Amino acid sequence: MHKMGRKAWVFIFLLILLALAFLILNKLWIISISSNEITISIPSLSNTFSIIFVHSSEKQPWENIFEVKRDKLVLKTMKVASIGPGVPSSIEDGWKVEIKDGFIVYDRVDKEFGFLDIKLSKISPHYLKIGNKKINLVNFFGDNAIIRIRAGKLLN
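Residues numbered from 1 in each chain as written. Predicted model: local features only at pLDDT ≥ 70, side-chain atom pairs only at ≥ 80, totals over all residues. Heavy atoms only, no water.

Undergrad: Any chance you could explain the nonpolar core here in plain terms?
TA: Grouped burial of nonpolar side chains is what soluble globular proteins tend to show. Counting 28 residues, the largest nonpolar core has Phe 49, Leu 73 and Ile 149 as the members making the most contacts within it. Listing elements by their share of this core, those giving two or more residues are strand E1 (27–32), strand E3 (48–54), strand E4 (61–69), strand E5 (72–80), strand E7 (103–113), strand E8 (116–119), helix H2 (137–141) and strand E11 (146–151). Ranked by the residues each element gives to this core, the list is headed by E5, at four residues. (Core = buried A, V, L, I, M, F, W, Y, C linked by side-chain atoms within 4.5 Å. Buried < 20%, exposed > 50% of the residue type's maximum accessible area, 1.4 Å probe, protein only. Helix = DSSP H or I, 4+ residues; strand = E, 2+ residues; numbered from the N terminus.)

What follows is the structure in structure tokens.
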């Protein structure tokens, strides 16, 4: 049997540490503001996620698609079903806008956030979508809960 040298063991140890750091640090954290407890931590194996909600006055679904970049959340795309309150009234430089599958799609938005605070309500349910999985945040946290979503290390 072949013996591994010290350099090989150090290399394997460093790989294991790197993998553990990736799993610990590269997460999407959802924190309940009212209890200040981490309720959900999701390894960021996918670097994108969506927040989908029913707009409270328009009663139409909206989807905001974010990319996780280290400890930042970058709003990449907004999909809205109609024009009304909260919809951008002008197109910023670099944005691409098109109508696709019945939605107005604002792409290349590229707005960075350190975190997102969301007040949940049964009136306009919010969903977290990662890949093909969708979590009803109101069912999970309760009506009128306030949550914070952040990425990367917990204590940014």
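So, next bit.
Undergrad: Quick question: what am I supposed to make of the environment of Lys 79 here?
TA: Within the fold, Lys 79 resides in strand E5. Taking the relative accessible area as the measure of exposure, Lys 79 reaches 28% and is therefore partly exposed. Expressed as a C-alpha distance, the spacing of Lys 79 and Trp 62, which sit 17 residues apart in the sequence, is 5.6 Å. If sequence neighbours within four positions are ignored, Lys 79 has contacts with Pro 61, Trp 62, Glu 63, Ile 65, Phe 103, Ile 104 and Val 105. (Contact = heavy atoms within 4.5 Å.)

Undergrad: What is the right way to read the packing of aromatic side chains from this model?
TA: Aromatic ring pairs are defined here through the distance separating the ring centres and the angle between the ring planes. In total, this model carries five aromatic pairs according to the counting rule given. A ring pair is formed by Phe 49 and Phe 66, whose centres lie 5.3 Å apart and whose planes are at 15°; its orientation type is stacked. On the criterion of sequence distance, the pair formed by Phe 49 in strand E3 and Phe 66 in strand E4 is long-range, its members being 17 residues apart. Considered together, Phe 49 and Phe 66 belong to a single accessibility category, that of buried residues. Where Phe 66 meets Phe 113, the ring centres are 6.4 Å apart and the plane angle is 70°; that geometry is what we call edge-to-face. Residue Phe 66 is located in strand E4, and its partner Phe 113 is located in strand E7; the two are separated by 47 residues in the primary sequence. Classification of Phe 113 by relative accessible area gives partly exposed; the value is 31%. Taken together, the ring pairs in this structure connect Phe 49, Phe 66 and Phe 113 into an aromatic cluster. (Phe/Tyr/Trp six-rings, centres within 6.5 Å; stacked < 30°, edge-to-face > 60°.)

Undergrad: Help me understand the layout of surface pockets in this model?
TA: In this approach the atoms are scanned with a rolling probe the size of a water molecule, which exposes any empty space left behind. Taken as a whole, the largest pocket encloses approximately 200 Å³ of empty space. Contributing to the lining of the largest pocket are Ile 51, Phe 53, Asn 64, Phe 66, Leu 75, Met 78, Phe 113, Leu 116, Asp 117, Ile 118 and His 126. For the lining of the largest pocket, the elements supplying multiple residues, two or more each, are E3, E4, E5 and E8. The biggest single contributor to the lining of the largest pocket is E8, with three residues. For the lining of the largest pocket, a count of residues per class yields eight nonpolar, two polar and one charged. (1 Å grid on protein atoms, 1.4 Å probe; cavity = no way out; pocket = protein on both sides within 12 Å on 5 of 7 lines; lining within 4 Å. Points joined across faces, edges and corners; volume = space filled by probe spheres on them. Nonpolar A, V, L, I, M, F, W, Y, C, P; charged D, E, K, R; others polar.)

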